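# Survey of secondary and tertiary structure
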Amino acid sequence: MAGISSDVIRGYNDTMILRILLDAPSYGYEISKEITRRSDGKYRIKETTLYSAFTRLERNGLTESYSDVGKENGKRRTYYRLTEAGRQYYREKCEEWQLTKDVVERFVVDCSAVDGGMHEATDDREMEDADRRTDGEED
Amino acid sequence: METIRNYLETMFSSLPNTAEVHKAKDELYGMMEDKYNALTGEGLSSEEAVAKVIAEFGSLGELAEDLGIQEAVGAADGIRRRQVTAEEADAYLADSRKVIRQRAWGIGLIVASTACTTVSRLIYRYFVGGGMRPSGMAEQIGVMGMFVLIAIGVGMIIMANARLQKWSFLSQEPCQLDFPTLSRIDEQYQKQYGRLSMQLAVGMGLCIVSVVPPFLFNDMPLRFLGDVSIAILMLLVAVGVGCIVSAAGVKRVYRKLLDLNGSDTVGGNQFASQKELHFNEPMVETAMSVYWQTVLCLYLSWSFLTFSWGRTWVIWPLAALVHWLMRQLFERKGGTIG
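By convention here, each chain's residues receive numbers from 1 onward along its written sequence. All chains are assigned letters beginning with A, and all ligands numbers beginning with 1, in the order in which they are written. Local features in this predicted model are restricted to residues whose pLDDT is 70 or higher, and side-chain atom pairs enter the listing and the counts only when it is 80 or higher, whereas totals over whole chains, interfaces and linings include all residues. Just so you know, side-chain values use all the structure's heavy atoms and leave hydrogens and water out.

Close approach of charged atoms lets side chains of opposite charge pair. For salt bridges, the criterion is a side-chain nitrogen of Lys or Arg within 4 Å of an Asp or Glu carboxyl oxygen. Applying the stated criterion across every chain yields a total of 20 salt bridges over all chains. Glu34 of chain A is the partner of Arg37 of chain A in a salt bridge, and the nearest nitrogen-oxygen pair spans 2.7 Å. You can see Arg37 of chain A and its partner Glu34 of chain A sitting in helix H2 (residues 28-38), 3 residues apart, about one turn around the helix. Of the charged contacts in the structure, one is a salt bridge between Lys52 of chain B and Glu56 of chain B, with a shortest N-O distance of 3.1 Å. Exposure is judged per residue with a 1.4 Å probe applied to protein chains only, and the accessible area is read against the type maximum: over 50% gives exposed, under 20% gives buried, and values in between give partly exposed. Residue Glu56 of chain B is classed as buried on the basis of its relative accessible area, which comes to 14%. By the criteria applied, helices consist of DSSP H or I runs no shorter than four residues and strands consist of E runs no shorter than two, each listed in order from the N terminus.

Structure, rendered in structure tokens:
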């Protein structure tokens with residue numbers, strides 16, 4: 001299976017990071033590990049992409065960074081936590097995604113039907129349903 | 001981890017030396033370190049972990065906008081630096097050493113050539129003419145010897161310069177050296193720094209001491225010693241100048257390599273330029289680079305013209321004071337970031 005194109009996912013890196021920070025403040029590698037874990041290894045975020053997102057989020061006031069010593073090995077790291085603006089932004093992005101998905105799905109699903117790959121599209125729909133459920137929990 | 005550090009340093013080496021860039025480098029290194037530790041903890045070998053970390057690193061192009069380095073990370077209008085390999089750097093060092101030695105000999109010979117007429121006069125007076133005043137022939141032979149030495153000296157310098165021709169690209173186009181090579185060269189330089197400074201000091205010492213023999217023997221009854229002392233003066237100056245030229249030359253070559261990445265970039269800033277004194281104004285920078293040499297010249301010329309050695313030493317504490325003042329006024333603090 002082809003990997004995720006970075007162009008497509010770019011707009012959602014920030015949202016993924018915000019989702020992880022919604023649970024607890026975290027640091028670079030832990031966030032990247034968490035993204036890999038939650039995506040079942042289907043998406044690995046690159047270090048430069050991640051750092052670029054951190055600086056952008058902080059500049060826009062969606063996150064705050066602070067220096068802290070990790071519990072497990074005492075290493076000093078930069079941690080990030082969500083601000084109220086970040087929480088609000090995440091909510092907006094969730095709504096935006098519902099709309100985006102709703103629109104894109106109407107076309108992309110038809111495309112895969114042309115190749116006779118219907119079962120893959122159903123898989124996708126199942127995954128998205130699961131997403132919607134988790135989103136619902138947070139709200 | 002060493003490989004990862006080198007990789008990161010090389011990637012960042014040509015970026016501007018700003019706080020944002022340094023922070024990005026440190027943060028990225030922290031993430032890579034965590035990942036490396038996690039991967040080796042999962043049972044991957046060190047090589048496998050390094051390969052995976054580097055493969056998943058991404059590209060600095062993504063950071064361009066955040067760091068204000070759009071033009072530096074390989075955009076079409078950015079500075080394209082020619083990558084100098086470790087082999088090239090070593091070959092340049094080896095070539096330069098030969099050239100500097102040759103050039104130092106050439107300059108030494110030219111200085112020493114001034115002793116020719118004195119030497120030929122001495123030989124005539126004490127070995128050929130039996131104490132008679134030297135004839136015109138002795139003078140002519142001396143002058144001829146002088147020109148021969150000058151010709152050899154100039155020839156050596158020209159040949160030496162021709163040898164450096166193929167390295168002219170180092171000065172003419174922007175180049176870059178990778179981090180491991182730079183740190184190896186920096187280590188070499190640090191090791192030799194003491195010896196080179198000593199050589200410089202010895203060279204300057206010889207130039208100063210050279211005035212002693214004529215002093216000692218000037219009033220001696222033996223005219224022979226007085227005459228010989230002039231020749232010795234010239235030879236001491238020749239050796240001294242040779243020492244200065246070669247030590248300063250080797251230092252300059254190392255500094256050139258260490259500054260290759262540009263002292264306002266991350267890579268260039270870590271080495272030589274930080275340890276050297278720098279000034280804000282280009283004019284001041286140029287003037288101050290020859291400051292102590294100028295003071296030495298002033299001291300010697302003043303002393304020789306007036307012969308009041310009891311007073312002329314005052315120039316040194318004065319010079320030190322002026323130097324301190326210039327530093328207070330114009331010094332540029334390098335590498336204040338981080």
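Moving on from the coordinates now.
So, about the nonpolar core. Counting residues in hydrophobic clusters, the biggest one holds 38 residues, and the most contacted among them are Ile17 and Ile31 of chain A together with Phe12 and Leu28 of chain B. Taken together, the elements giving at least two residues each to this core come down to helix H1 (6-23), H2, helix H3 (47-59), strand E3 (76-82) and helix H4 (84-114) of chain A together with helix H1 (2-12), helix H2 (19-41) and helix H3 (46-55) of chain B. Here this core gets 8 residues from one element, more than from any other, and that element is H2 of chain B. Contacts between residues were defined by any pair of non-hydrogen atoms, one from each residue, lying within 4.5 Å. Not counting the four nearest positions on each side in its chain, Leu28 of chain B is found in contact with Glu47, Thr48 and Tyr51 of chain A together with Leu8, Phe12, Phe57 and Leu63 of chain B. Throughout, nonpolar core names a set of buried Ala, Val, Leu, Ile, Met, Phe, Trp, Tyr and Cys residues whose side chains join them through atoms within 4.5 Å.

Our focus in this paragraph is the packing of helix H5 (residues 86-113) of chain B against helix H9 (residues 179-209) of chain B. Residue and element names in this part refer to chain B. Orientation is described by axes fitted as lines to C-alpha atoms, over the contacting stretch for helices, and by angles from 0 to 180 degrees between their N-to-C directions. Packing of H5 against H9 brings their axes to within 10 Å, and their N-to-C directions diverge by 25 degrees. Taken together, the axes of H5 and H9 lie roughly parallel to each other. Seen along the crossing, H5 lies across H9 with a hand that is right-handed. Taking contact as the criterion, the partners of Ala86, Ala89, Asp90, Leu93 and Arg97 in H5 are, on H9, Thr181, Arg184, Ile185, Gln188 and Gln192. Here the residues of the contact of H5 with H9 are counted per class, giving 4 nonpolar, 3 polar and 3 charged. Between 65 and 115 degrees an angle is taken as roughly perpendicular, under 35 as roughly parallel, over 145 as roughly antiparallel, and anywhere else as oblique. Note on convention: the crossing is left-handed when the near helix lies turned anticlockwise from the far helix by less than a right angle, right-handed when the turn is clockwise. Throughout, the ten residues Ala, Val, Leu, Ile, Met, Phe, Trp, Tyr, Cys and Pro are labelled nonpolar, Asp, Glu, Lys and Arg are labelled charged, and all others, Gly among them, are labelled polar.

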